[in-house]
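Chains, contacts and geometry: an overview
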2 protein chains.
Amino acid sequence: MRTIHINSAIQSYDIVIGEKLRHQIKDYLPKNYSSILVITDENVVYLYGNDLLQALKGNKVFLEVVPPGETSKSIQVYYQLLTKALEYSLDRQSLIIAFGGGVVGDLAGFVAATYMRGVDYIQVPTTILAHDSSVGGKVAINHEKGKNLIGSFYPPVQVLYDTETIQTLSLQDVRSGYAELLKEAMLANENFFTQLLSISLEQIAMKDLITALETGINIKATIVEQDEREAGIRKYLNLGHTLGHAIETRLGYGKISHGEAVAIGILFAMYVSQQELQVKLPLKQVKEWLTENNYPIALSFEQIDDLVEFMMHDKKVINSEIQMVLLKKIGEPVLHNINKQQIKKYLHSFIMSEVKG
Amino acid sequence: MRTIHINSAIQSYDIVIGEKLRHQIKDYLPKNYSSILVITDENVVYLYGNDLLQALKGNKVFLEVVPPGETSKSIQVYYQLLTKALEYSLDRQSLIIAFGGGVVGDLAGFVAATYMRGVDYIQVPTTILAHDSSVGGKVAINHEKGKNLIGSFYPPVQVLYDTETIQTLSLQDVRSGYAELLKEAMLANENFFTQLLSISLEQIAMKDLITALETGINIKATIVEQDEREAGIRKYLNLGHTLGHAIETRLGYGKISHGEAVAIGILFAMYVSQQELQVKLPLKQVKEWLTENNYPIALSFEQIDDLVEFMMHDKKVINSEIQMVLLKKIGEPVLHNINKQQIKKYLHSFIMSEVKG
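Residues numbered from 1 in each chain as written. Chains lettered and ligands numbered in written order. Predicted model: local features only at pLDDT ≥ 70, side-chain atom pairs only at ≥ 80, totals over all residues. Heavy atoms only, no water.

- Under an unreviewed UniProt entry, chain A has the name 3-dehydroquinate synthase and belongs to Ornithinibacillus halotolerans.
- According to the UniProt record, the Sequence similarities (unreviewed entry) comment for chain A reads "Belongs to the sugar phosphate cyclases superfamily. Dehydroquinate synthase family."
- Per UniProt, the comment on chain A under Pathway (unreviewed entry) is "Metabolic intermediate biosynthesis; chorismate biosynthesis; chorismate from D-erythrose 4-phosphate and phosphoenolpyruvate: step 2/7." (UniProt positions renumbered as here; feature names shortened; annotations may be inferred.)

Some details on the overall build of chain A
- When helices and strands are tallied, chain A shows 12 helices and 12 strands.
- Radius of gyration (C-alpha) of chain A: 20 Å, near the 21 Å computed for a compact globule of 357 residues.
- Each principal axis of the C-alpha atoms in chain A carries an extent, and together these give about 60 × 40 × 35 Å.
- Each of the 357 residues in chain A was classed as buried or not, and the buried ones make up 62%.
- The long-range fraction of contacts in chain A, counting pairs at least 24 apart against all pairs at least 6 apart in sequence, stands at 75%. (Helix = DSSP H or I, 4+ residues; strand = E, 2+ residues; numbered from the N terminus. Rg over C-alpha atoms; globule rule 2.2 N^0.38 Å. Buried < 20%, exposed > 50% of the residue type's maximum accessible area, 1.4 Å probe, protein only. Contact = heavy atoms within 4.5 Å.)

Some points on the interface of chain B and chain A
- Counting residues at the interface gives 40 residues for chain B, matched by 40 residues for chain A.
- Summing both sides of the interface, chain B and chain A together bury roughly 3600 Å²; the carbon and sulfur share of this comes to 58%.
- For chain B, the biggest contributors to the area lost against chain A are Tyr 79, Leu 86 and Arg 117 of chain B; these three give 22% of the whole.
- Across the chain B-chain A interface, the total number found is two salt bridges.
- In this structure, the salt-bridge partner of Arg 92 of chain B is Glu 230 of chain A, at a minimum N-O distance of 3.1 Å.
- Tallying contributions element by element places helix α2 (residues 75-87) of chain B first for the side of chain B that touches chain A, with seven residues.
- Grouping the constituent residues of the side of chain B that touches chain A by class yields 17 nonpolar, 12 polar and 11 charged. (Buried area = accessible area lost by both parts, 1.4 Å probe. Salt bridge = Lys/Arg side-chain N within 4 Å of Asp/Glu carboxyl O. Nonpolar A, V, L, I, M, F, W, Y, C, P; charged D, E, K, R; others polar.)

Looking at helix α9 (residues 258-277) of chain B
Residues and elements named next belong to chain B.
- Taking 1.5 Å of rise per residue, the 20 residues of α9 would be expected to cover 28 Å, and the 27 Å separating its terminal C-alpha atoms lies within 8% of that figure.
- In terms of burial, α9 is a largely internal element, 17 of the 20 residues being buried.
- Phi for Gln 278, located one or two positions after α9, is positive at around 55°. (Expected span 1.5 Å × (residues − 1).)

A short note on the relation of the copies chain B and chain A
- Mapping chain B onto chain A calls for a screw motion: a turn of 180° about the axis and a shift of 0.0 Å along it, with 0.0 Å RMSD after fitting. Taken together, the rotation angle and the small translation identify this as a two-fold axis. Residue Ile 10 of chain B, judged by its C-alpha, is the member of chain B lying nearest the rotation axis, at 4.0 Å.
- By residue overlap, the copies meet face to face through one surface: 100% of the interface positions of chain B are interface positions in chain A. (Least-squares fit on C-alpha atoms with pLDDT ≥ 70 in both.)

Notes on unusual backbone geometry
All names here are of chain B.
- Here Lys 20, not a glycine, exhibits a phi torsion of approximately 65°, which is positive.
- Relative to the helices and strands, Lys 20 resides in the loop between β2 (13-18) and β3 (36-41).
- Judged by relative accessible area, Lys 20 falls into the partly exposed class, the value being 39%.
- Look at Ser 320: it is not a glycine, yet its phi comes out positive at around 65°.
- Mapped onto the elements of the fold, Ser 320 is located in the loop between β10 (317-318) and β11 (321-329).
- Overall, Ser 320 belongs to the partly exposed group, its relative accessible area being 42%.

Description of the packing of aromatic side chains
Residue and element names in this part refer to chain A.
- Per the stated rule, a full pass over the model turns up 12 aromatic pairs over all chains.
- On the basis of an interplanar angle of 40° and a centroid distance of 5.8 Å, the ring pair of Trp 289 and Tyr 295 is categorised as tilted.
- Members of the aromatic cluster, connected to one another through ring pairs, are Phe 268, Tyr 271 and Phe 350. (Phe/Tyr/Trp six-rings, centres within 6.5 Å; stacked < 30°, edge-to-face > 60°.)

Regarding the pattern of salt bridges
All names here are of chain B.
- One pass over the full model with this rule turns up 46 salt bridges over all chains.
- Here Asp 106 makes a salt bridge to Lys 73, at a shortest N to O gap of 2.8 Å. Note that Asp 106 is positioned in helix α3 (residues 102-114) and Lys 73 in the loop between β4 (61-66) and α2, a separation of 33 residues in sequence. Per residue, the accessibility class of Asp 106 equals that of Lys 73, and both read buried.
- With a closest N to O distance of 3.1 Å, Lys 220 and Asp 132 form a salt bridge. Taken together, the positions of Lys 220 in helix α7 (residues 206-226) and Asp 132 in helix α4 (residues 130-133) put the pair 88 residues apart, joining distant regions of the chain. Grouping residues by exposure puts Lys 220 and Asp 132 together as buried.

Brief notes about empty space enclosed by the protein
- Applying the stated criterion to the full structure yields nine cavities of 30 Å³ or more.
- Taken as a whole, the largest cavity spans an internal volume of roughly 180 Å³.
- Secondary structure elements with two or more residues in the lining of the largest cavity: β8 (146-153) of chain A together with β8 (146-153) of chain B.
- Classifying every residue of the lining of the largest cavity gives eight nonpolar, two polar and four charged.
- By volume, the second largest cavity amounts to about 70 Å³. (1 Å grid on protein atoms, 1.4 Å probe; cavity = no way out; pocket = protein on both sides within 12 Å on 5 of 7 lines; lining within 4 Å. Points joined across faces, edges and corners; volume = space filled by probe spheres on them.)

What about the sheet that holds strand β12 (residues 332-338) of chain A?
Residue and element names in this part refer to chain A.
- Read across the sheet, three strands follow the order β10-β11-β12 without closing on themselves; strand pairing throughout is antiparallel. In this open sheet, the two edge strands, each paired with only one partner strand, are β10 (317-318) and β12.
- Bridge count for β10 against strand β11 (residues 321-329) is two bridges, and the pairing is antiparallel. Residue pairing in the sheet places Ile 318 in a bridge with Glu 321 of β11. (Pairing = 2+ DSSP bridges.)

Notes on the UniProt feature "domain: 3-dehydroquinate synthase C-terminal" (unreviewed entry) in chain A
- According to UniProt, the "domain: 3-dehydroquinate synthase C-terminal" (unreviewed entry) feature falls on residues 177-317 of chain A.
- Here residues 177-317 of chain A is 64% helix and 1% strand, with 26 Å between the C-alpha atoms at its ends.

Observations concerning helix α11 (residues 304-312) of chain A
- By the burial criterion, the buried members of α11 of chain A are Ile 304, Leu 307, Val 308, Met 311 and Met 312 of chain A. Projected down its long axis, α11 of chain A carries its buried residues within an arc of 135°, all on one side. (Arc of directions from axis to C-beta.)

Side note on the side chain of Ser 134 of chain B
Residues and elements named next belong to chain B.
- Inspection of the secondary structure assignment puts Ser 134 in the loop between α4 and β7 (138-143).
- Side-chain polar atoms of Ser 134 contact the backbone oxygen of Ala 130, separated by 2.7 Å.
- Contact partners of Ser 134, with chain neighbours within four places excluded, come to Gln 123, Pro 125, Pro 156 and Val 159. (Polar contact = N/O pair within 3.5 Å; in protein donor to acceptor, adjacent residues only side chain to side chain.)

A short note on the UniProt feature "binding site: Zn(2+)" (unreviewed entry) in chain A
All names here are of chain A.
- Sequence positions flagged by UniProt for "binding site: Zn(2+)" (unreviewed entry) are, in local numbering, Glu 180, His 241 and His 258. A maximum C-alpha distance of 9.9 Å among these annotated residues, which run over 79 residues, shows that they cluster at one spot.
- Along the chain, Glu 180 falls in helix α5 (residues 171-188).
- Its relative accessible area of 0% is what places Glu 180 among the buried residues.

A short note on the side chain of Thr 249 of chain B
Residue and element names in this part refer to chain B.
- Relative to the assigned elements, Thr 249 resides in helix α8 (residues 241-251).
- At 2.8 Å, the side chain of Thr 249 and the backbone oxygen of His 245 are in polar contact.
- Beyond its immediate stretch of four places on either side in the chain, Thr 249 contacts Glu 144, Gly 146, Lys 147 and Phe 310.

A short note on the pairing of strand β9 (residues 158-162) of chain B
Residue and element names in this part refer to chain B.
- Most of β9 sits out of view: five of its five residues are buried.
- Both faces of β9 are covered, namely the face carrying Gln 158, Leu 160 and Asp 162 and the face carrying Val 159 and Tyr 161.
- Where β2 lies against β9, five bridges are found, and the strand directions are parallel. Bridging across to β9, Val 16 finds its partner in Leu 160.

Pasting the structure below:
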């Protein structure tokens, strides 16, 4: 078991990582709550729902299950959950538990942030990907015009990472999570980056996965402690995400996993970095690793116009310019503004280079 | 012109009170914004819309007008405003201006709090009532089950109070605003309370109104500075509001003004205080003043069950008990938990005493 403490200006909290933590959740409740609402999805409730409910026995507990996947991060599901919370008479001394992957964490977190102007919530992530979203207090739902456009900065009171729950993940989910680990490695730790590229996701040992997870969380924690509200260096964590979000929105949520979309975004960011900053990056190696591990990385020319439109509605746009995270080298990110025309040109030549191989 | 500074843990800001401030808004923008969205209602835009737009010339400005009244604080109008903000390409360096009364302030404030996880906003209140809602950073929309149940603590970057705009208020709006001033006086300032009871709202001089407004803002500012997130003494500001909100929800938003409903709530809180705390309060004088100034104060027996149900969904309910603000004496509020059955009994005997006069 391992504990990482996050100092937050809004509220400090611990991330506890260990096996079987879902059974011990009672020991980690920071205080007595008048009632508890567990929000989870259909997959997680089937696998681990009973464990958590058993572990919470003795409390007044309610359960809400949403369909798995990004489509649950809608204004409709958000409002339904608020209605349920009212029907269950949750009050300001109640707790919400987000039990699931990034979708459940973002959605339940935004419910907690805005129900009666804010109640406590605990993140109990069950995916590798959620190591990223459960740390740092970003919560949000989607707007039809783009991802995570409605949300808050609202840290949890606790993150409980039960490493047993990630053993049931599909290979696609492992891929999705590893894209964020790759991103963190590229931002801050060249050794970690080299290590990652030597891994085959189909054969990874659980011990190595957990070590990678802890390294990723530490990188993320160090960044968000310094810049909780994303005024400066936290923006680096958006590496690969401007194009990534656009791909998710363009293809329709659920058609491609978040991490798979981000992986394409990372490649594109490396490509643009080489052009704009005149540097040489290990683009070929990253692409090979993604291909070997079956990340879908093809984009097509006819998607370009839509992708650019979605990118223009991203949170990273300032004064109609896209603020992209580029890399001078591994471990040295920079922010760089690029206008719409230029992005279009780069997307075109990026896809062309993919086609040519 | 007068400036009151609010120290907030989240963000400090100034409340500037003065004549014709709407014409000078450009001087009060704390920085350059990439674009500005003014959110207002149909009444305010008709009277003062041009003034504000003229004063903002040179900026990229968009205008959204909502219907006046509490029904605009709905999830639908909230989502429409977010959609408009996206269509206008508002980014994280954009500003929202809430130009209107409490409804516009709460609604536009919640849009600002959650659009791309938060953008700056300025409150430009145009009613007496909004002296209360524009200070302290509480923003919210309504749920069909109750008022202000979805929201955040999210302070503005500036409050600009143009005292000229309150000169066009209807007598009902003046009544509505004075109920909150009465509340503030009862919580913190016996002299102010005595003064208020000597005023006739139909004949009040603008100079006296502005002085009262400043006194009220000072009381509120002192309280919210000490307890921004309503963990302690800020709860006192809910005097009269538990029943007040229930009356508004029961009658349907717009049927009675917020302040008129709060006035009945204040009377009820005084009545319960006398019973529960065995004290003697100037209930008769307050009731006389409200009657003389044409506040509608009649409740009927058949409303009791509904009112109690709405009170049970209030934010002030903890562990199924209603946390009421009572008064030991003028200037000395206390919190007191009362259960559902007891509230029902008190409502019954309160209405009975009203009927008997």
